[in-house]
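Take a look at the letters that make up each chain.
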Amino acid sequence: RADAGRSNPPPLVGGLHGRGAPGGAQGQRRVVDTVDGDYARRPHASPPSPVVPMEKMASTSTGSASVMTMGRLGAAAVLHILEAVGALPGGAAPLQDEEDVCRIAGVVCAQDPATGRLMVAALNFPRRNLTGALPERLPDGAAAFTDHVRAVVLFDNALVGPIPAWVATLRRLEILDLCQNRLTGELPRAVGHLPHLQELCVCANRLDGTVPVDFFAPAVRASLRKVYLYGNRFEGPLVDVSGAGRLQELDLSGNRFHGALEAGRLEGLGSLVHLAMEDNRFTGGFDGWCGRAAFLPQLSVLRAGRNRLAGDVAMCLLPRFVATRPMRVVNIRENPGLSGAFPGDGGGAATQVQTLDLGGTAVVLTGSWSPYRELRKLVLDGVAWGQGRAGFEALDALRMLSLRGAAQESGRGAVELLSLPRGLEVLDLADAVTSADVCRGVLAALPALRDVRLDRVPTALCDTPFPAARNLTALSLRGVGGRGRVPARFPPTLQHLDLGENGFDGGVTRAALTDRLPRLRALLLDGAALRTLPQDLFALAVQLERLALNATGLGGRCPALPAGLVSLDLSGNPALQALQAVAGLRHLRVLRLDATAKPPPRVSFGQHAALQVLSLRGVGAGGPVPLSALPESIEVVDLRDNAFEGGLDAGALASLPRLEELRLDNNRLDGEVPRDAFAGNSRLRVATLSGNSGLRGRYPSLPGGVEVLHLHNTALGGDVFPVHLLTRLRRLRELRLDGNSVTAAAAILTVPPVLEVLTLRGCGIAGAIPDLAPAAAALRVVDLSGNAFTKGFDVFGGMKWPQLRVLDVSGNRLGGRVPEGLPQVAELRLDGNGFEGTLPAGLLGESVEVFTAAGNRLDGELVVPEGASELRYLDAGGNRLSSVRPASWRHLKQLVEVRIGGNALRGAVPDVAGLASLRVLHLHDNAWEGPFPETAMAHLPSLESLRLDGNAFTGVLPAGGYWAHFPALEALDLSRNRFVEAPLNFTALAGTLRLLNLSGNALAGPFPSRQMHGLGRLEALDLSWNALDGPLPNITEFWEGLTALRECRLGWNRFRGGLPRLVGAAGTLETLVLAGNELTGEIGDHLASMVNLRALDLSGNRFVGTGAVWPRALGRLESLNLSGNDIAAPLPDLTRMPMLEAVDLHSNRFHGAALEDLGVSVLGAWSYEALRYVDLSRNRLSGEFTPRAVYALRQVEHLALGGNRFDGPLPKELGAHMKHLEVLDLHGNRFAGGIPWSYGHLPALRELDLHANLLNGSFPPSFRHLRTVAVLRLQDNAFEGRIDHDVLAGMASLTDLSLHNNRWFAAERRAAALRAAVDAYSFACFVVWAAGVAPAWPFRQGGASLAVLARRAVLVLLGLLLVFAPHHDVLLAQQGFAPPPTF
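The structure presented is a predicted model; accordingly, all values stated were derived computationally and were not measured.

Conventions we followed
Residues numbered from 1 in each chain as written. Predicted model: local features only at pLDDT ≥ 70, side-chain atom pairs only at ≥ 80, totals over all residues. Heavy atoms only, no water. Helix = DSSP H or I, 4+ residues; strand = E, 2+ residues; numbered from the N terminus. Disulfide = S-S within 2.5 Å. Buried < 20%, exposed > 50% of the residue type's maximum accessible area, 1.4 Å probe, protein only. Salt bridge = Lys/Arg side-chain N within 4 Å of Asp/Glu carboxyl O. Pairing = 2+ DSSP bridges.

A few points about unusual backbone geometry
Logical step 1: Between Arg885 and Pro886 the backbone carries a cis peptide bond, its omega angle lying at 0°.
Logical step 2: Mapped onto the elements, Pro886 comes out in the loop between β61 (880–885) and β62 (897–899).
Logical step 3: If you check the backbone angles, Asp431 has positive phi at about 65° while not being a glycine.
Logical step 4: Inspection of the secondary structure assignment puts Asp431 in the loop between β27 (426–428) and α6 (438–442).
Logical step 5: Not every positive phi belongs to a glycine, and Ala595 is a case in point at roughly 55°.
Logical step 6: Looking at the secondary structure, you find Ala595 in the loop between β38 (590–592) and β39 (613–615).

See the structure below:
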């Protein structure tokens, strides 16, 4: 492992970040993306040890002649193991003698001193491309093998499965090296008790589980020399290796170990040279390491970066611990809790440290570097400087310096780079804030440079040939602001060049780039806005192996690409025909073509025999999933966000035995997934099929090694939870079933113990929250939102959840009090439930960043403690909270959004003044009162939305200068308060304000035209429901400057005069509401230029009109309301408004044959497809309701024509065509004849009003089908005949029935029933009166007084009355039968 670690961004060459380039020593292995991170490719920290000390072995593995014999069962065990992992040579002849096993390359045999027989002493098979799994058990009687083997070395292969238990029975085992495979499961506990174990190396696998503190038995520790556990998923505290006096290397990196670095567990390690603990979760500091004279005396390498360590490193670790030991490498990067002033005053003892990495700590650099003259590599990424000068003149040996993101301690000043050593070879200044001239002042003075990163340093793109270019092999100028053509001034020695994220829209020429760089192996131009490239650009780039042209805007044909490419990324170029250009690239291992042009059908990748990673995400490809067109070498397939159809082909999947990741989300897959679809994919780790709603049937059987499974938004499994999946997939880390219909929640009881992410959002699960306790130690994300859980939430407050970061139970039916002791997560969502009572103390801890509890019934105080310093989003709206505490929230420096509206908060408004990150502050619909809280809401530079509406604030609004405290404010809502007249000056918000709502106050006076004239970005203005008066503003005062206004509401004030001509806002205005004022005159053509108007409301004014005065340009109008005026004119031509959805013209004096005009515009073929609401009532319209009008209005849901002069019969076509009709009001006209039978077949009808016409005939029997009608009014007509009670009984929703003033007659039994009901009602009234006035009788019978019994009898009689009497408002009148009272 290189000293640089793995913390820096992806490298250009190995010298900068410790990795070889593709094709080098490590590049020969494989170039493939993997979730295992860098550990999967990391070589051993030191060269492999000799397999077995050969001086102790008297035999050979060459198969020379020997008279010694070999135990038969020992050979059988060896052959069994080798056959399982594919180590037997193909085509070899069968073994003729047991000694032949020693002739197999890799099998090391030795003579047993006791018996003189040959025994297998070692299996040495590193880097053999072995596959398969180690056998679960050995043949019976394998003692001849297990009692003598001393080394098993299988590192750097592709072995899968668990470490079998028989490994722990190798009682003489000294070396176990299984590193860099794909092994899974736990490390057998008995391995730590092997008495002769010297080297335990299981690094860079996928092992998991807890490694106990006492994993190594005390007797075993004495023999240990090397322990490599890095690059797995082990958990637990620091392993106790105290007393291991021979241990030289201990590497626990890249796991999930936690707890303090207990010095007692590292005591007695007199030989330890290498200690690596980076990439874990260790806490605490190094204070316990100081003051121990014999503690780790030989330590040379200490790696503890990327943990959670804290403390002052300048007090103990660096000046006292490091300086007194032969330390060469110290890496404590990315521990933000580590602090202190460093290197101090320079008076410390000289150290031997050659590599020092303090990046990402809180160390402040001050003083002299004189104690660190031996430094060769120094990493200070993001470390603050106590002074602007950064002098390294004392570090003559320094060869690598990284100052990524360096700045002064204040975070504002620039670092002055002085006296950099001339021997510097690697320099990283990415994101550094420096005032130096990088080209002339820094690079020109460093002739030995070979690797330079200057990403996002504005002065890095030199305007002359690159200085100090004699040895330069790697250069990164990402995001330096390059413009125009790619410069032609790079040295010919370059092998890696990164020009991504620039603006080279002038393109690139062959002479300027590839012809000048004959050694170029990696070229990154991603995000460089190139748009075009010469077709022969790469003609001479014969060594190019990696090319990134993603998101460059390329289109059309792709240029000819070098044949030796190993990695190619052309993603993000939607117009690029990419697949044709890659056809001849037979060495490709990684190919990414996401979001490029749609490929042709039936594409084959069979010619890419080495391809391991293929990503075609979002290319619009369709047809069957092209799995059969992929080579056998493929490991990662990403085909998400396409249009692939059909099902999964089990045969095609079986042809991909190396497949590890398959992502098919968001396609159009359908049909049943075969149960054995993945039977041939034993290496599968990631399977995502989400967003394919057509997939159905049972869940498929998956290999046991699957770690990530996304099946959300499919129809797999129906309502059955995948029990067998969770039982089999014990290594599952991520499971998403969101949006599926899963109701069997109890099955989740079998969650795997390693599960980290579980999301069941919107699955419809009811009942209790399932038991997640088996995975309590591993779960990081739990999303149970959008279900119907009613209980079981207490489990989260009754146990520890150490890793939980996100807990979401919103949108369920949980109730009761919020439980105490909930885990301290980063995101806690409780909104949309029925929680009540007060919030528990300590709920908002120091780690919480998001807390939502809106829409519950919580009351009491909302307490936001000072310790909640990480809180960013707070939403507790829609509850019954009464106050907040403390009154000042200025300590919440990270706060971004506050939503606590819809409560009953009173008292002091939270003081949020000075919170620079606050963007949203919603305090609406509470009980706050008093003047506007200016002091509590000052200096909020990021605030975008402020809502104080629905409170009781009074007085005048702040003066215009106050609003300068909100330079980013876009939405201001102060409606529904009690603010009185004020200057209303918001000119300070002219550049940002988009929404202003002051409605529902007591603002008086004329319209504030001049104060609002400059609000050029205003999109919505609402001043309705105030007391503003006077004329509306004219063009120059107001409207001309509102070029972005889309919504203007000025209704229900006291404005007078006529309509102004709208010019400035006319082109953008979509909603105009001037209702409820005192406006007069004619509408005329004042609105003619409002071509985008969608809603117009001029109702409740005094407009008049005598002719066709309607604007002709309102073609996009969706809602028109002119009701309540005095307009006397024909109806407007609605055919000019094809998008109209609602028209309300009632209470005017419109006249003419309206219904005939509606259907005659295109000879009866016109249809108002968008129209849903029509109210023309109380006008002077006449004519018949023609069939053509019915056809034209067939989409209408509300039709009100009452109070006009229509005549003729009711159209029988109405019931057949107007199937969407919900309200039909034709009262007060002159319609005659009967009710057509078809009116009883209107499926959506809720209200039918035909009263006060000239209708006759009988009660339609078809009304029995009107099950949705609630209101039926037929009074004041001439209906006659018998009312069938069965018809009324069929109208199940009827609540309002009026039939009086007709000529009905009822059957005698009906009349008798009504008389009986009246008598019962009278008797009940008497009993109620008697029970109410009777005195409290002194005796009781059966435990209750007679008064109580009487009241109970009344209730019984009233119940009978409700059963037998009608529940409608029935008014019947006929000759000789008096109407009964209304029930």
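Picking up where we left off.
Considerations on the state of the cysteines
Logical step 1: With the rule as written, the count across this model stands at two disulfides.
Logical step 2: With its sulfur 2.1 Å from that of its partner, Cys102 forms a disulfide with Cys109. Between Cys102 and Cys109 the disulfide shows an S-S torsion of about -100°. By sign, it is left-handed.
Logical step 3: Residue classification places Cys109 among the buried residues on the basis of a relative accessible area of 0%.

Comments concerning the pattern of salt bridges
Logical step 1: Applying the stated rule across the entire model yields 58 salt bridges.
Logical step 2: Close ionic contact of Arg1246 with Glu1222 constitutes a salt bridge, the shortest N to O distance being 3.2 Å. With Arg1246 in the loop between β88 (1230–1233) and β89 (1247–1249) and Glu1222 in the loop between α12 (1214–1217) and β87 (1223–1225), this residue pair connects regions lying 24 residues apart in the sequence.
Logical step 3: The class for Arg1246 is partly exposed, based on a relative accessible area of 41%.
Logical step 4: Across the pair Arg1273 and Asp1296 runs a salt bridge, and its minimum N-O distance is 3.0 Å. Of this pair, Arg1273 sits in strand β91 (residues 1271–1273) while Asp1296 sits in strand β93 (residues 1296–1298), placing them 23 residues apart in sequence.

With respect to the pairing of strand β46 (residues 694–697)
Logical step 1: Pairing of strand β44 (residues 668–672) with β46 involves three bridges; the strand directions are parallel. Bridge pairing links Asp670 to Gly694 in β46.
Logical step 2: Note that β46 and strand β48 (residues 715–716) share two bridges and pair parallel. Looking at the pairing, Gly697 lines up with Leu716 of β48.

Notes on the sheet that holds β48
Logical step 1: Ordered by their spatial adjacency, five strands build an open sheet running β40-β42-β44-β46-β48, and the pairing between neighbours is parallel. The open sheet has two edge strands with one neighbour each: β40 (622–624) and β48.
Logical step 2: Summarising the sheet, β40 and strand β42 (residues 643–646) pair through three bridges and their orientation is parallel. Bridged to Gly622 within β42 is Ala643.

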